[in-house]
Amino acid sequence: MNTQANQPTPQKHSFQAEVKQVLDIVIHSLYTHKEIFVRELISNAADALEKIRHEKLVNKSIADPGLALEIDIDIDEDAKTITITDAGIGMTEEEVKENLGAIAHSGTKKYLEALKEASSGGAVELIGQFGVGFYSSFMVAKTVTVETRSFHPDAQGILWTSEGEGEYTLEHKDDLKRGSKITLSLRDDAHEYASADTIKKTVQKYSNFVPFPIKINGEAVNTIQAIWTRNKNEITDEEYTEFYKFIGNAHDEPAFHLHFSVDVPIMLNALLFAPKTNIEQFGFGKMDPGVNLYCRKVLIQQHSDVILPEWLRFVKGVIDSEDLPLNISRETLQDNALIRKLRKVVTSRFLKFLGETYKTDRKSYNEFWKTHGMFLKQGVIDDFDYRSDIAPLLMFESSLTESGEQISLQEYVDRMPTGQDRIFYISGPSRDTIQSGPYMEAFLKKNIEVLYLYEPIDDFVLNAVREFDKKQLVSADQGDLDLPDSPETDETPKPEETLSKDDSDILCGWMKGILGEKVTAVRKSSRLVGSPAMIVCSDSQMNASMQRVMQSINKGMPSMGANSLEINPTHPILLQVSKLKHEGADEDFLKSAVEHIYENAMVDAGLIADPRIMVKRNYDILAKALGAKKETSSDD
Ligand code: ADP
């Protein structure tokens with residue numbers, strides 16, 4: 001008998017505030033898929049068994065070493081109770097308090113946010129993904145008891161009891177075997193779950209691949225084979241899907257799966273899935289990695305953060321390598337040479353697989369790209385090692401595609417006319433904005449394809465890729481572009497009037513004097529067709545869109561980077577400014593006009609920070625144009 005066991009009465013404890021909120025929602029909302037509590041409790045039991053299996057390998061002294069590693073579900077149809085017993089790792093008193101009464105993880109908060117955002121009950125099904133699955137038992141139970149004893153040989157047995165409303169009680173309990181036994185006393189409106197048949201169906205639906213026998217009232221009900229070690233010709237699509245749902249705690253179908261084995265440079269079996277949906281797109285924050293690491297079917301690390309790069313965190317599945325030492329500690333995984341090898345092999349293979357899908361099943365690839373492209377883009381930026389492997393997988397709209405249709409860099413290169421030696425791109429918030437801006441004028445006229453980038457990250461991605469198929473990637477808002485001529489250009493009628501070289505040199509010098517430090521230079525443009533002027537970036541490292549991103553980060557800062565102003569020597573506005581200047585017209589008004597041309601060009605580049613000065617000047621110019629007597633400007 002354990003001397004520290006003598007606790008006279010059960011001790012009352014309060015749940016931590018966030019746990020109370022989760023419980024309140026779980027208890028009082030109406031959910032359609034209440035049966036998921038079975039999956040959550042089985043998954044906890046299986047985790048505890050995985051841990052003890054691992055512990056047995058590395059630690060000689062554990063309590064009750066002879067207990068069978070299985071999950072027993074006992075249903076008392078008359079008493080309306082369900083009991084789930086595992087001989088897993090168990091919990092100490094401290095662990096019980098921490099794990100079942102407080103927030104051991106940030107998951108609770110995230111889950112609450114997700115529940116608040118989702119208007120329907122759908123989000124409740126995500127409960128397991130947020131690390132608060134245990135509480136789902138209160139969807140069906142009026143009382144939950146947990147009897148548990150940790151695997152440490154001298155651990156004290158604990159009885160935890162709660163009705164879910166604010167408090168739980170703890171007391172010491174002797175004579176418990178290692179592991180945990182969870183008993184649910186069902187609510188009146190949940191008596192339907194006191195049925196072995198119902199629970200069996202649920203187990204087979206959600207927990208069929210749990211790698212330990214699950215027994216219901218003594219009868220084994222699940223398939224325990226490790227599917228990833230089986231021959232892929234013998235596995236049906238349904239089995240793959242079922243396994244995906246199990247391993248990914250998922251409700252969608254997988255977009256595709258990749259099942260392979262490798263012998264050199266390292267032995268491994270891998271079964272990987274790409275999901276159809278991406279919860280990060282719905283603003284749920286960064287997801288945890290989804291691949292579990294096994295060694296000879298023994299779980300080494302769940303949701304492993306070492307086995308794939310972070311940008312592949314959307315991938316779900318299993319990697320099993322018998323070359324890993326079984327007793328490898330979780331702490332040393334990070335800098336293990338074998339793991340690094342494994343990571344390289346699997347990452348390269350996965351990217352190769354995406355490349356094959358792109359070639360053989362474009363429709364699926366396009367879907368994949370739409371939901372998961374953001375991860376590959378992150379890979380380009382974060383991971384120099386795989387940059388050139390990811391580059392062929394990138395997709396963008398372009399000036400020659402339909403809206404919504406995307407092409408790869410290879411497709412761009414394949415249809416480049418002879419004489420073109422660079423890949424052009426331009427970024428902007430939408431197709432319409434890009435096409436109506438000044439940057440596309442020359443490209444559209446010369447029929448040179450330009451990739452359209454709609455996401456702020458895209459510029460950084462292509463800037464990192466730098467070149468593809470030996471062709472440099474160039475932002476179309478750069479100065480000195482020197483575009484190749486096309487036959488069409490020569491056929492277009494020359495504008496009637498253009499500034500002479502002298503006049504345009506004088507005009508440029510004078511404008512630079514007015515604009516001062518705002519621009520590095522004012523130059524005559526050879527690209528502009530219909531617009532009077534445009535901002536071009538003199539700094540190839542920092543184009544306008546990157547400046548926009550930096551500006552939004554450093555709020556209120558003036559635009560960064562070196563910009564020049566290119567003017568259109570055939571545009572009536574510039575012709576007229578030059579003429580009036582020669583004639584010695586109202587200097588202040590001409591200066592206003594120059595400032596205004598510059599600021600309009602900044603707006604076109606998406607770089608204007610404060611529109612107020614522009615608006616005021618607009619009124620001044622309008623007043624002048626209308627011949628209004630009283631100027632709106634004050635005396636400043
Ligand atoms: P999650 O399992 O996602 O971490 P839960 O709310 O389901 O979240 O469980 C919280 C924690 O309680 C688990 O992480 C685990 O440490 C502990 N736990 C739950 N069930 C068991 C069990 N049967 N055996 C041992 N520990 C358990």
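Above this text is the structure in question.
Residues numbered from 1 in each chain as written. Predicted model: local features only at pLDDT ≥ 70, side-chain atom pairs only at ≥ 80, totals over all residues. Heavy atoms only, no water.

S.K.: Would you explain the overall build of the protein in this entry?
M.R.: Of regular secondary structure, the protein possesses 19 helices and 23 strands. Residue burial in the protein is summarised as follows: out of 636 residues, 50% are buried. For the protein, long-range pairs separated by at least 24 residues make up 70% of all intrachain contacts whose partners lie at least 6 apart in sequence. With the model as given, the accessible surface of the protein reaches about 30,300 Å², and the carbon-plus-sulfur share is 50%. (Helix = DSSP H or I, 4+ residues; strand = E, 2+ residues; numbered from the N terminus. Buried < 20%, exposed > 50% of the residue type's maximum accessible area, 1.4 Å probe, protein only. Contact = heavy atoms within 4.5 Å. Areas by Shrake-Rupley, 256 points an atom, 1.4 Å probe, with all protein chains shown as cover.)

S.K.: What is the right way to read helix H15 (residues 501-515) from this model?
M.R.: Along an α-helix, residues three or four apart share an orientation, since each turn contains 3.6 residues. For H15, spanning 15 residues, the distance from its first C-alpha to its last is 21 Å, which sits close to the expected 21 Å at 1.5 Å a residue. Within H15 the residues assigned to the buried category are Ser504, Leu507, Cys508, Trp510, Met511, Ile514 and Leu515. Each element contacted by the buried residues of H15 is listed here: strand E21 (522-524), strand E23 (563-567), helix H17 (572-582) and helix H18 (587-604). Remark: glycine 516 follows H15 within two positions and exhibits a positive phi of approximately 60 degrees. (Expected span 1.5 Å × (residues − 1).)

S.K.: Mind showing me how you'd approach the pattern of salt bridges here?
M.R.: Pairing between side chains of opposite charge can happen when the charged atoms of each approach one another. Counted under the stated rule, the structure contains 26 salt bridges. Taking the shortest distance from any N to any O, the salt bridge between lysine 173 and glutamate 147 comes out at 3.0 Å. With a gap of 26 residues between them, lysine 173 in the loop between strand E6 (167-172) and strand E7 (179-186) and glutamate 147 in strand E4 (residues 141-149) connect regions that are remote in the sequence. The partly exposed category is assigned to lysine 173, whose relative accessible area is 31%. (Salt bridge = Lys/Arg side-chain N within 4 Å of Asp/Glu carboxyl O.)

S.K.: I tried to follow the nonpolar core on my own but got confused; where do I start?
M.R.: Soluble, globular proteins show a tendency: their nonpolar side chains are buried together. Counting 105 residues, the largest nonpolar core has Leu354, Leu376 and Leu565 as its most contacted members. Of the residues forming this core, the biggest block, 9 residues, is contributed by helix H7 (residues 337-360). In this structure leucine 354 touches Phe256, Tyr365, Phe368, Leu376 and Leu393, once residues within four positions along its chain are discounted. Judged by nonpolar contacts, the second largest core, of 58 residues, contains Ala45, Ala46, Ile75 and Leu184. (Core = buried A, V, L, I, M, F, W, Y, C linked by side-chain atoms within 4.5 Å.)

S.K.: Would you mind showing me how to read helix H8 (residues 362-382) here?
M.R.: If you check H8, its first and last C-alpha atoms are just 26 Å apart, much less than what 21 residues at 1.5 Å a residue would give, namely 30 Å. Along H8, the helix axis deviates most sharply at histidine 372, where the bend reaches about 70 degrees. Burial in H8 covers these residues: Tyr365, Phe368, Trp369, Thr371, His372, Gly373, Phe375, Leu376, Lys377, Gln378, Gly379 and Val380. Those residues of H8 that are buried are in contact with strand E10 (254-262), strand E11 (268-275), H7, helix H9 (387-390), strand E15 (395-398) and helix H13 (456-465). (Bend = angle between axes of the 7 residues up to and from the residue.)

S.K.: Explain the sheet that holds strand E22 (residues 533-537) to me, please; I cannot follow it from the model alone.
M.R.: Across a sheet, strands are paired by hydrogen bonds formed along the backbone, either parallel or antiparallel in direction. Read from one edge to the other, the open sheet built from 3 strands follows the order E21-E23-E22, with strand pairing classed as mixed. This sheet does not close on itself; its edge strands, each paired only once, are E21 and E22. The mean angle between the axes of side-by-side strands here comes to 35 degrees, regardless of whether they run parallel or antiparallel. Relative to E23, E21 is paired through 3 bridges, and the arrangement is parallel. Counted as the bridge partner of arginine 523 is glutamate 566 from E23. Strand contacts of H15: E21 and E23, with the helix running at about 160 degrees to E21, the strand carrying the most contacts. Against the sheet, H18 engages E22 and E23, with an angle of about 60 degrees to E22. (Pairing = 2+ DSSP bridges. Axes fitted to C-alpha atoms, helices over the stretch in contact; angles between N-to-C directions.)

S.K.: What is the right way to read the sheet that holds strand E13 (residues 298-301) from this model?
M.R.: Read across the open sheet, the 5 strands follow the order E10-E11-E14-E12-E13; overall the sheet is mixed. Each having just a single partner strand, E10 and E13 make up the two edges of the open sheet. Taken over all neighbouring pairs, the strand axes of this sheet differ in orientation by 25 degrees on average, direction set aside. Of the pairings in the sheet, the one linking strand E12 (residues 290-295) to E13 comprises 3 bridges and is antiparallel in character. Paired with cysteine 295 across the bridge in E13 is valine 298.

S.K.: Can you walk me through the pairing of E11 in this structure?
M.R.: Looking down a regular strand, the side chains alternate between one sheet face and the other. Among the 8 residues in E11, 7 count as buried, and that is most of the element. In this structure, E10 lies alongside E11, joined through 8 bridges in antiparallel fashion. Looking at the pairing, valine 262 lines up with leucine 268 of E11. Hairpin connection between E10 and E11: a loop of 5 residues separates the two successive antiparallel strands. Both E11 and strand E14 (residues 316-320) contribute to a ladder of 5 bridges, which runs antiparallel. When the sheet's bridge partners are listed, phenylalanine 273 is paired in E14 with lysine 316.

S.K.: Just checking my understanding: could you explain the packing of aromatic side chains for this structure?
M.R.: For any pair of aromatic rings, the description rests on two quantities: the centre-to-centre distance and the angle between the ring planes. Applying the stated criterion to the full structure yields 21 aromatic pairs. With centroids separated by 6.3 Å and ring planes inclined at 45 degrees, the aromatic side chains of phenylalanine 243 and phenylalanine 273 adopt a geometry described as tilted. A residue pair is termed long-range when its members are at least 10 positions apart, and phenylalanine 243 in helix H6 (residues 237-247) and phenylalanine 273 in strand E11 qualify at 30 residues. Taken together, the aromatic side chains of Phe256, Phe314, Phe350, Phe353, Tyr358, Tyr365, Phe368 and Phe375 make up a single cluster linked through ring pairs. Lying across the ring of phenylalanine 589, lysine 624 places its NZ or CZ 4.9 Å from the centre. (Phe/Tyr/Trp six-rings, centres within 6.5 Å; stacked < 30°, edge-to-face > 60°. Lys NZ or Arg CZ within 6 Å of the ring centre and 35° of its normal.)

S.K.: How should the packing of H18 against helix H19 (residues 612-626) be read in this particular structure?
M.R.: Packed helices, taken two at a time, are described by their axes: the angle between them and the distance between them. Closest axis-to-axis distance for the H18/H19 pair is 11 Å, and the angle between their directions is 135 degrees. Viewed along their axes, H18 and H19 adopt a mutual orientation that is oblique. Relative to H19, H18 is oriented so that their crossing is left-handed. In contact with Phe589, Ser592, Glu595, His596, Glu599, Asn600 and Val603 of H18, H19 contributes Met614, Arg617, Asn618, Ile621 and Lys624. Residues belonging to the contact of H18 with H19 are distributed by class as follows: 4 nonpolar, 4 polar and 4 charged. (Parallel < 35°, antiparallel > 145°, perpendicular 65-115°, else oblique. Left-handed = near helix turned anticlockwise from the far one by under 90°. Nonpolar A, V, L, I, M, F, W, Y, C, P; charged D, E, K, R; others polar.)

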